[in-house]
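# Chain and residue survey
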Amino acid sequence: MSNDAGLTPNKRLHVGFNAQLLSSESGYRNAGVSQYIHWLMATLPRIAPHLCLSAFGGEAARDYPGWSVHSARRPSGGAMARILWEQLSLPRQARRERLDLLHSPVYAGPLIGRTPQIVTLHDLSFYLFPHLFPPARRAYLQRITRETTRRAAAVIAVSASTARDAVEILKLPPDRVRVIPNGVNPDLRPPTAEHVASLRARLGLPENYVLYLGTLEPRKNLPVLIQAYARARRSGIEHTLVLAGGKGWYDDPIYAAIQESGVAEHVLLPGYIPGDDLAALYGGAALFVYPSLYEGFGLPPLEAMACGVPVLVSNVSAVPEVVGSAGVTVNPREPEQIAAEMVALLGDQERRRLLASAGLERAALFSWENTARRTAALYDEVAS
């Protein structure tokens, strides 16, 4: 690290981390970006002990050893209070703590202040599918993401697909965008038969089911999945369709599609599934299906593969990049194709076994240790 960054060989690099969206709630807020924050906070102190790490957030951030936690000190009031804290209070706290670098892990960072900043992009769905977002949320995300990335010293994209979107849509210089993929929870592995049986009994799951897991929101394309499942059911499959995950937004078409499908009695919605139950839920499925219209990364298929389950996924955005040749890809807008592949896979146990084995090998390539190591290396590079 050079003295140009205001550092000396005897001073540890002081990195601030905006942990406001770290959540311990049982719902969609504890998925996705909250998991990214969780795993970086859990892993960075061990991977990069040369860093002095400060987190700015609520009570949930206090459970992580190796971090100095600074309260957000913001009034209650939801998203608007968080935005005001982020733009007005956080820059002052960064200056007061003499940060060398601030990492904004979810799109938005302060637009004032002189602390060098890194920002993480998880996807740009609010640009590519604006009609799928409430207007106020879409407008905020578009504006804050564009302005934050323009100011940032470096931008982390969680996939090569998201990096391409960032360069094309946000007009960022390619050399300022770094691809650092997400990892997979090391606790997710093929479960024992006893764990699967226990979860089935507790949730009332059948022995044979096809699984989707993710937030119930428009981008996940669940009405088309339900149409495809109804076709597959008419073609002879007897598996139940389990749509697991927390409620998101604009989800009324999902419930309408279930009622109109003619197979509503074979569709289960168990709701949000806590982390301790995920391996058994994934591992008990005959097939994991994820026909999302767009993903910046696509963590659920990777988690399913880590649990030894074959995956059927969409052939768009980052999902094929994540699953590689270990999964079957389909056009997410064609329910006939999705149904045909579901029928073929569920009728071919040997093919599912081969896919499951390939999935385990593929998932082993993604670790949060590697994500943290590459993130820490970027901190050092930006600071110097």
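For the structure, check the block above.
Quick summary incoming for the structure in this document. (Residues numbered from 1 in each chain as written. Predicted model: local features only at pLDDT ≥ 70, side-chain atom pairs only at ≥ 80, totals over all residues. Heavy atoms only, no water.)

## Side note on the overall build of the chain
Check the secondary structure of the chain and you find 14 helices and 13 strands. The C-alpha atoms of the chain give 21 Å as radius of gyration, which agrees with the globular expectation for 384 residues (21 Å, within 12%). Expressed as lengths along the three principal axes of its C-alpha atoms, the size of the chain is roughly 70 × 40 × 40 Å. Residues classed as buried in the chain amount to 54% of the 384 residues present. The long-range fraction of contacts in the chain, counting pairs at least 24 apart against all pairs at least 6 apart in sequence, stands at 67%. As displayed, the chain offers around 16,600 Å² of accessible surface, 50% of which is attributable to carbon and sulfur atoms. Across the chain, the 39 positively charged side chains and the 35 negatively charged ones have centroids separated by 8 Å. (Helix = DSSP H or I, 4+ residues; strand = E, 2+ residues; numbered from the N terminus. Rg over C-alpha atoms; globule rule 2.2 N^0.38 Å. Buried < 20%, exposed > 50% of the residue type's maximum accessible area, 1.4 Å probe, protein only. Contact = heavy atoms within 4.5 Å. Areas by Shrake-Rupley, 256 points an atom, 1.4 Å probe, with all protein chains shown as cover. Lys, Arg positive; Asp, Glu negative; His and termini not counted. Charge placed at Lys NZ, Arg CZ, Asp CG, Glu CD.)

## A word on helix 13 (residues 349-363)
The end-to-end C-alpha distance of helix 13 is 21 Å, a good match for the 21 Å that 15 residues give at a rise of 1.5 Å each. Buried positions along helix 13 lie against helix 10 (299-306), strand 13 (328-330) and helix 12 (335-346). (Expected span 1.5 Å × (residues − 1).)

## Quick word on the sheet that holds strand 5 (residues 117-121)
The sheet built from seven strands is open, its strands ordered 3-2-1-4-5-6-7 with parallel pairing. Unpaired on one side and paired on the other, strand 3 (68-71) and strand 7 (177-179) mark the two borders of the sheet. The average angle at which neighbouring strand axes cross in this sheet is 25°, direction not considered. As paired strands, strand 6 (residues 154-157) and strand 7 are joined by three bridges and run parallel to one another. By the bridge assignment for strand 7, Ala-157 is matched with Val-179. Running at roughly 120° to strand 1 (residues 13-18), helix 14 (residues 368-383) makes contact with strand 1, strand 2 (51-57), strand 4 (101-104), strand 5, strand 6 and strand 7 of the sheet. (Pairing = 2+ DSSP bridges. Axes fitted to C-alpha atoms, helices over the stretch in contact; angles between N-to-C directions.)

## Some words on the side chain of Ser-314
Looking at the secondary structure, you find Ser-314 in strand 12 (residues 311-314). Ser-314 sits in the buried class, given a relative accessible area of 0%. Beyond its immediate chain neighbours, meaning those up to four positions away, Ser-314 contacts Tyr-290, Pro-291, Ser-292, Val-319, Pro-320, Thr-329, Val-330 and Pro-332.

## A short note on the sheet that holds strand 9 (residues 240-244)
What the six strands build is an open sheet, ordered 10-9-8-11-12-13; its pairing is parallel. At either margin of the open sheet sits one strand with a lone partner, and together these are strand 10 (267-271) and strand 13. In this sheet, neighbouring strand axes are inclined to one another by 25° on average, regardless of whether the strands run parallel or antiparallel. In this structure, strand 11 (residues 287-290) lies alongside strand 12, joined through three bridges in parallel fashion. The partner of Phe-288 across the bridge, within strand 12, is Val-311. Most of the contacts of helix 9 (residues 275-283) go to strand 8 (residues 209-213), to which it runs at about 140°, and overall it touches strand 8, strand 9 and strand 11. Relative to strand 11, helix 10 is tilted by about 170°, and along the sheet it contacts strand 8, strand 11 and strand 12.

## Some remarks on helix 10
Three- or four-residue spacings in an α-helix give side chains the same orientation, since the helix completes a turn every 3.6 residues. Of all the eight residues making up helix 10, eight are buried; the element is thus mostly covered by neighbouring parts of the structure. Within helix 10, the full set of buried residues consists of Leu-299, Pro-300, Pro-301, Leu-302, Glu-303, Ala-304, Met-305 and Ala-306. Contact partners of the buried residues in helix 10: strand 8, helix 9, strand 11, strand 12, helix 11 (319-323) and helix 13.

## Overview of the pattern of salt bridges
Enumeration over the complete set of coordinates arrives at 14 salt bridges. The shortest N-O distance in the salt bridge between Glu-147 and Arg-150 comes to 3.5 Å. Within this pair, Glu-147 and its partner Arg-150 are both found in helix 4 (residues 135-151), separated by three residues, close to a single helical turn. Residue Glu-341 pairs with Arg-351 through a salt bridge whose shortest N-O separation is 3.8 Å. With Glu-341 in helix 12 and Arg-351 in helix 13, this residue pair connects regions lying ten residues apart in the sequence. (Salt bridge = Lys/Arg side-chain N within 4 Å of Asp/Glu carboxyl O.)

## Describing the side chain of Thr-145
Mapping Thr-145 onto the fold places it in helix 4. Reaching out from Thr-145, the side chain makes a polar contact with the backbone oxygen of Leu-141 at a distance of 2.7 Å. Beyond its immediate chain neighbours, meaning those up to four positions away, Thr-145 contacts Tyr-107, Leu-121, Leu-124, Phe-126 and Leu-170. (Polar contact = N/O pair within 3.5 Å; in protein donor to acceptor, adjacent residues only side chain to side chain.)

## Some remarks on the environment of Pro-91
You can see Pro-91 is positioned in helix 2 (residues 79-96). A relative accessible area of 7% places Pro-91 in the buried class. Residues Pro-91 and Ala-139, 48 residues apart in the sequence, show an inter-C-alpha distance of 23 Å. Excluding its chain neighbours within four sequence positions, the residues that come into contact with Pro-91 are Glu-86, Pro-110 and Ile-112.

## Points about unusual backbone geometry
Of note, Tyr-250 is a non-glycine position whose phi angle comes to about 50°, a positive value. Tracing the backbone through its elements, the reader meets Tyr-250 in the loop between strand 9 and helix 8 (252-260). Positive phi, normally seen in glycine, also occurs at Ser-317, with a value near 50°. Tracing the sequence through the fold places Ser-317 in the loop between strand 12 and helix 11. For Ser-317, a relative accessible area of 24% corresponds to the partly exposed category.

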